[in-house]
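Examination of the molecular architecture
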Amino acid sequence: MGWSSWNQFGDLINETLIIETIDTMDKSGLREAGFVFVNLDDGWQRYKGNRSYHNGPIEADPVKFPKGIKYLSDYAHSKGFKFGIYNGPGQQTCAGYTGSEGHFEEDAATWASWGIDHLKFDSCCSEGITAPASRVEEIFRNMSKALQATKRPIVHHACHCGWADVWKWAANVGANHWRIGQDIPDDFNYPGNRDNYSFDVLDMLDRGKGLEKYAGPGHWNDYDMLIVGLNGKSAQLYGTGCSNIEYRAHFSMWCMVASPLLIGSDVRTLSPYDMETLLNKEVIAISQDPLGKAAELVRDDPRTQTEVYAKEMSDGSPAIALLNRGTFTATMTVSPFRDLGEWWPKYKIRDIWKHEDQGVFNFTNPYTVEVAPHEAKIVRITPVR
């Protein structure tokens, strides 16, 4: 959980922005809620062009970051945060800055000396969609070894845009999370793929179906960064923005599927509704449950365009998401037997967004609720013994 610079700012980043972001997250309650990583994405590097043109140690842009990256890392740590950075395995990164080709060990040591806690290592552009899995696997294995050699615990994000079946092998080479799809736009349900590339919120959920078994403590399917609060105003992402209901459904479903939660908007300008969404401790608890299970699709009704997801929880009270993908309000029910395979004659329901217990229900009087278009109702269900 944390924040990343890319979705809102692209490579238009600087020292002042990062300091103000850290201060805002500290004072607003985001850090206390669990958003502890502050991650620089692409554009922090000094040079554009091939790394072979600049064979010395990798450097930060002295104009954007006059005090250097270690200063920012130290500042983040002093406020109780962790600090992350980005690079790629090729000559150039996706935004055209110097990559790490031929310098894995050197760069890993540099980042460790700066106090880095998270590395997003992005091979999407240098290797591309056609790269054989064996080639990409070798790249991330080598970077994992380089990070481990520093003796500093650094979270390793293997970013390959969901290609090469990365989920099948990434954990085995030392990665902690891996993207399961191409970049997310600021869209909930764009027809097809925007620009024949991007995966909107519903696309990404579809992409994750069947991949749940690859997620678990220390190794996660990554559904991409959050778009809550972008409102169609990103300097980097395409998309017209989402409604408040859609952004909340997006956040809810990322919590259900146990995706990493990295805020991608400008935290300095988040609305009260955005903050209410991001600070909901009950839905965050679903995301951060120590059992580490990802929700699975347990019911799908193409006629009404509704879906039910269930997530096993460590305390024995599963989380259920009632998702309305359609354009009309839908009436949806919860059934322990149908949705969980549990024979519970009576059960209690708690609405996670209302923060209210909804009562006791049974087979003849099941929990039933109206779900607005593009809304996700999130509930916890507990048997009554």
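One numbering rule holds for all chains: residues counted from 1, following each sequence as written. With the structure being a predicted model, the display of local features is reserved for residues of pLDDT at least 70 and the display and counting of side-chain atom pairs for 80 or more, all residues being used for whole-chain, interface and lining totals. Hydrogens and water are ignored here; the side-chain numbers use all heavy atoms of the structure.

Notes on the packing of aromatic side chains
Only the six-membered ring of Trp is used, alongside the rings of Phe and Tyr, when aromatic pairs are assigned; centres must lie within 6.5 Å, and planes under 30 degrees apart are stacked while those over 60 apart are edge-to-face, with the rest tilted. This structure, assessed with the given rule, holds 11 aromatic pairs. What links up through ring pairs into an aromatic cluster is the set Phe104, Phe121, Phe140 and Trp169. A ring is considered to have a charge above it if a Lys NZ or an Arg CZ atom is located within 6 Å of its centre and within 35 degrees of its normal. Over the ring of Tyr273 we find Arg248; its NZ or CZ atom is 4.0 Å from the centre of that ring.

Considering the packing of helix H8 (residues 201-208) against helix H9 (residues 244-256)
Only the stretch in contact is used when fitting a helix axis, every axis being a line fitted to C-alpha atoms; angles between N-to-C directions are given from 0 to 180 degrees. Secondary structure counts use DSSP, requiring at least four H or I residues in a row for a helix and at least two E residues in a row for a strand, with both numbered from the N terminus. For the pair H8 and H9, the least separation of the axes is 11 Å and the interaxial angle reads 15°. Here H8 is positioned roughly parallel relative to H9, judged by the angle of their axes. Handedness of the H8/H9 crossing: left-handed. Residues Val201, Met204 and Leu205 of H8 form the contact with H9, whose participating residues are His250, Met253 and Trp254. Amino acid classes used here: Ala, Val, Leu, Ile, Met, Phe, Trp, Tyr, Cys and Pro are nonpolar; Asp, Glu, Lys and Arg are charged; the rest, including Gly, are polar. Looking at the contact of H8 with H9, its residues break down into 5 nonpolar, 1 polar and no charged. Each angle is binned into one of four classes, with values under 35 degrees roughly parallel, values over 145 roughly antiparallel, values of 65 to 115 roughly perpendicular, and all other values oblique. By definition, turning the near helix anticlockwise from the far helix through less than a right angle yields a left-handed crossing, and turning it clockwise yields a right-handed one. In this analysis, two residues are considered to be in contact whenever any of their non-hydrogen atoms come within 4.5 Å of each other.

Comments concerning the layout of surface pockets
Within this model, the largest pocket holds a volume of roughly 470 Å³. Lining the largest pocket are 19 residues, and of these Met1, Phe37, Trp220, Pro260 and Gln288 sit closest to its centre. Here the residues of the lining of the largest pocket are counted per class, giving 9 nonpolar, 9 polar and 1 charged. Reported here for the second largest pocket is a volume of approximately 400 Å³. Taken together, 24 residues line the second largest pocket, and the ones lying closest to its centre are Trp6, Asp183, Tyr197, Gln236 and Leu237. Of all the secondary structure elements, the ones that give two or more residues to the lining of the second largest pocket are helix H1 (6-9), strand S4 (118-122) and helix H6 (124-127). Its residues assigned to classes, the lining of the second largest pocket comprises 13 nonpolar, 3 polar and 8 charged. Grid points spaced at 1 Å over the protein atoms alone were grouped into cavities, where a 1.4 Å probe fits but cannot get out, and pockets, open sets with protein on both sides within 12 Å along at least five of seven lines, with lining residues defined by an atom within 4 Å of a point. Grid points are joined across faces, edges and corners, and a volume is the space filled by probe spheres set on the points.

Some words on the side chain of Gln45
In this fold, Gln45 is placed in the loop between strand S2 (37-39) and helix H4 (69-78). The cut-offs for exposure are 20% and 50% of the maximum accessible area for each residue type, with area from a 1.4 Å probe on protein chains only; residues under the lower value are buried, those over the upper are exposed, and the others partly exposed. A relative accessible area of 0% places Gln45 in the buried class. Here the side chain of Gln45 touches Asp42 through a polar contact of 3.2 Å, side chain to side chain. Discounting chain neighbours no more than four positions away, the residues touching Gln45 are Ile58, Glu59, Ala60, Asp61, Tyr86, Asn87, Thr93, Tyr97 and Thr98. N or O atoms within 3.5 Å of each other form a polar contact, as long as, within protein, one can give a hydrogen and the other can take it, and as long as residues adjacent in sequence are counted only when both atoms are side-chain atoms.

Quick word on the nonpolar core
By size, the foremost hydrophobic cluster in this structure holds 94 residues, and its most contacted members are Ile18, Phe35, Trp44, Ile69, Leu205, Phe251 and Trp254. At 7 residues, H9 tops the list of elements feeding residues into this core. Apart from residues no more than four positions distant in its own chain, Trp254 is found in contact with Ile184, Val201, Met204, Leu205, Tyr223, Asp224, Met225, Leu226, Ser259, Pro260 and Leu261. For the purposes of this section, nonpolar cores are sets of buried Ala, Val, Leu, Ile, Met, Phe, Trp, Tyr and Cys residues that join through side-chain atoms within 4.5 Å. In terms of nonpolar packing, the next biggest core, distinct from the first, is built from 15 residues, Trp344, Ile349, Val369 and Val379 among them.

Brief notes about the pairing of strand S3 (residues 82-87)
A large share of S3 lies buried, amounting to 5 of its 6 residues. Here S2 pairs with S3 via 3 bridges, running parallel. Bridge pairing in S3 places Phe37 opposite Lys82. Seen with its strands pointing away from the viewer, a crossover is right-handed when the path leading from the first strand over the helix to the second is clockwise. In the classification by handedness, the crossover that spans S2, the intervening H4 and the parallel S3 is right-handed. Here a strand pair is declared whenever DSSP counts at least two bridges between the two strands. Bridge count between S3 and S4: 4 bridges; the pairing is parallel. Looking at S4, one finds that Tyr86 is bridged to Lys120.

Remarks on the pattern of salt bridges
Just to be clear on terms, a salt bridge is a Lys or Arg side-chain nitrogen sitting within 4 Å of an Asp or Glu carboxyl oxygen. A complete count under the given rule lists 26 salt bridges for this structure. With a shortest N-O distance of 2.9 Å, Glu307 and Lys209 are connected by a salt bridge. Residue Glu307 is found in strand S10 (residues 306-311), and its partner Lys209 is found in the loop between H8 and strand S7 (220-222); the two are separated by 98 residues along the sequence. Among the charged side chains, a network of salt bridges with common partners joins Asp206, Lys209, Glu307 and Arg325.

A few points about empty space enclosed by the protein
Taken as a whole and judged by the stated rule, the model has 1 cavity of 30 Å³ or more. A volume near 120 Å³ is recorded for the largest cavity. For the lining of the largest cavity, a count of residues per class yields 4 nonpolar, 5 polar and 5 charged.

A closer look at helix H7 (residues 133-149)
Here H7 is 17 residues long and its end C-alpha atoms lie 24 Å apart, about the 24 Å a rise of 1.5 Å per residue gives. Of the residues making up H7, those classed as buried are Val136, Ile139, Phe140, Met143, Ser144, Ala146 and Leu147. One face of H7 carries all of its buried residues, which in axial projection span an arc of 165°. Opposite the buried face of H7, at more than 90 degrees from it, the exposed residues are Ser134, Lys145, Gln148 and Ala149. Buried residues along H7 sit in contact with helix H5 (104-113), S4, H6 and strand S5 (155-159). Positive backbone phi, at 70°, marks Lys151, one or two positions downstream of H7. What a helix is expected to span follows from its residue count: subtract one and scale by 1.5 Å. Arc definition: it is the arc formed by the directions from the helix axis to the C-beta atoms.

Remarks on unusual backbone geometry
Even without being glycine, Asp224 reaches a positive phi, approximately 85°. Here Asp224 lies in the loop between S7 and H9. For His355, which is not glycine, the phi dihedral falls at a positive 60°. Along the chain, His355 falls in the loop between strand S13 (346-351) and strand S14 (356-362). Classification of His355 as partly exposed rests on a relative accessible area of 40%.

Function cannot be inferred from these measures alone, as they are strictly geometric.
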